[in-house]
Amino acid sequence: MSATAPTPNAPQTTANINANVWYKNYMVIVFVIGLPLIVVISCVFFIVHAFKIKDSPVRDDWYMDGKSLYQDASKDKLAHDLGLSGVMRLDGTPDDYAVRFELKSAQAMSYPATLNVKVSHATDKAKDRDFVLTYQSDNLYTGKFTLDPLPAKYYLDISNDDHSTAKIEAGSWRLTHSQKLPAQNVAFLPLTAFDDERQALPDQRDKRHQQHTPDTIPPLAQ
């Protein structure tokens, strides 16, 4: 019985050769090239975004002492001591608000001729607004300003000093409040952090461990 001669390998067709080319393999395109390319493009985008869009400065009474950052709360403390509060009423539409502000005081005071108001957007400096309230009669102030119509969180600051100067003058006070605007009413109250009961330490005498002499049995062990 004669052995059959082995048949030679059949030559590869053009279709098989093209199927084995690396740049036509979807696994290479998606995982080896596609995903790293997406990561690189995303990194470049966020780097450019970080340099072009910077955090806006905080509008508040902050100051530097050496390398330490402090906040001056003297104006808030004076507003608390005077018992100041108020209600701001916004009439009209955001593009033309008519403002009525009623300032209340627990003590007798002479009302300033004007009050300076800062309305600071939580994230967008371009939407910050500054305007002046003018004294009318009794405890009533009026003014006008415009506001972006999109609802957002704002920080409101009403003060009797001029915001154009960084120096805090004696007798300056302010009322602050944060609220989502547009709204019809904004209530301003003095900070409760300056209340006397908050500054006093709580009575801990009933929570202290009783001291016993070595030969004395604690009450719980009797």
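Residues numbered from 1 in each chain as written. Predicted model: local features only at pLDDT ≥ 70, side-chain atom pairs only at ≥ 80, totals over all residues. Heavy atoms only, no water.

## A few points about the pairing of strand E8 (residues 152-159)
It is a general feature of regular strands that their side chains alternate between the two faces of the sheet. The element E8 is extensively covered by neighbouring structure, given that 6 of its 8 residues are classed as buried. Bridging between strand E5 (residues 114-121) and E8 involves 6 bridges; their strand directions are antiparallel. Counted as the bridge partner of Ser-120 is Tyr-155 from E8. Sheet topology places E8 next to strand E9 (residues 174-181); 8 bridges connect them, and they run antiparallel. Bridge pairing links Tyr-155 to Ser-178 in E9. (Buried < 20%, exposed > 50% of the residue type's maximum accessible area, 1.4 Å probe, protein only. Helix = DSSP H or I, 4+ residues; strand = E, 2+ residues; numbered from the N terminus. Pairing = 2+ DSSP bridges.)

## A short note on helix H2 (residues 26-52)
Here H2 is 27 residues long and its end C-alpha atoms lie 37 Å apart, about the 39 Å a rise of 1.5 Å per residue gives. If you look at H2, its biggest bend is around 40°, right at Gly-34, and the proline Pro-36 turns up within four residues after that. Its side-chain oxygen placed 3.0 Å from the backbone nitrogen of Met-27, Asn-25 serves as the N-cap of H2. (Expected span 1.5 Å × (residues − 1). Bend = angle between axes of the 7 residues up to and from the residue. Polar contact = N/O pair within 3.5 Å; in protein donor to acceptor, adjacent residues only side chain to side chain.)

## Regarding the pattern of salt bridges
Considering all chains together, one arrives at 5 salt bridges under this definition. Note that Asp-81 is salt-bridged to Lys-77, the shortest N-O span being 2.9 Å. Note that Asp-81 and Lys-77 are positioned in helix H3 (residues 74-82) at a spacing of 4 residues, about one turn of the helix. According to the relative accessible area criterion, Lys-77 is partly exposed, its value standing at 31%. Residue Asp-157 is joined to Arg-174 by a salt bridge in which the shortest nitrogen-to-oxygen separation is 3.0 Å. Taken together, the positions of Asp-157 in strand E8 and Arg-174 in strand E9 put the pair 17 residues apart, joining distant regions of the chain. Residue Asp-157 shares its accessibility class with Arg-174, and that shared class is buried. (Salt bridge = Lys/Arg side-chain N within 4 Å of Asp/Glu carboxyl O.)

## Quick word on the nonpolar core
With 26 residues, the main nonpolar core has Met-88, Phe-101, Val-119, Leu-133 and Leu-181 as its most contacted residues. Taken together, the elements giving at least two residues each to this core come down to strand E3 (85-93), strand E4 (96-104), E5, strand E6 (129-137), strand E7 (140-145), E8, E9 and strand E10 (185-188). With residues up to four places along the chain from it excluded, the contact list for Met-88 reads Val-99, Arg-100, Phe-101, Val-117, Leu-133, Leu-156, Ile-158, Gln-184, Asn-185, Val-186 and Phe-188. (Core = buried A, V, L, I, M, F, W, Y, C linked by side-chain atoms within 4.5 Å. Contact = heavy atoms within 4.5 Å.)

## A closer look at empty space enclosed by the protein
Summed over all chains, the structure comprises 1 cavity of 30 Å³ or more. Put simply, the largest cavity is a space of about 30 Å³. Lining the largest cavity are Asp-76, Ala-79, Arg-174, Leu-175, Thr-176, Leu-189, Pro-190 and Leu-191. Elements that contribute at least two residues to the lining of the largest cavity include exactly H3 and E9. In terms of residue count, the dominant contributor to the lining of the largest cavity is E9 (3 residues). The residue makeup of the lining of the largest cavity, split by class, is 5 nonpolar, 1 polar and 2 charged. (1 Å grid on protein atoms, 1.4 Å probe; cavity = no way out; pocket = protein on both sides within 12 Å on 5 of 7 lines; lining within 4 Å. Points joined across faces, edges and corners; volume = space filled by probe spheres on them. Nonpolar A, V, L, I, M, F, W, Y, C, P; charged D, E, K, R; others polar.)

## Concerning the side chain of Ser-172
Note on placement: Ser-172 falls in the loop between E8 and E9. In this view, Ser-172 contacts Lys-75, Leu-78, Asn-160 and Asp-161; residues no more than four positions away in its chain are not counted.

## Some thoughts on the sheet that holds E5
Sheet strands pair via backbone hydrogen bonds, and the direction of the pair is either parallel or antiparallel. A sheet is described by the order of its strands in space; here 8 strands give the open sequence E9-E8-E5-E6-E7-E4-E3-E10, paired in antiparallel fashion. Two strands in the sheet have a free side with no partner beyond their single neighbour: E9 and E10. Averaged over all adjacent pairs, the angle separating strand axes in this sheet is 25°, with direction ignored. Taken together, the 9 bridges between E3 and E4 define a ladder with antiparallel strand orientation. (Axes fitted to C-alpha atoms, helices over the stretch in contact; angles between N-to-C directions.)

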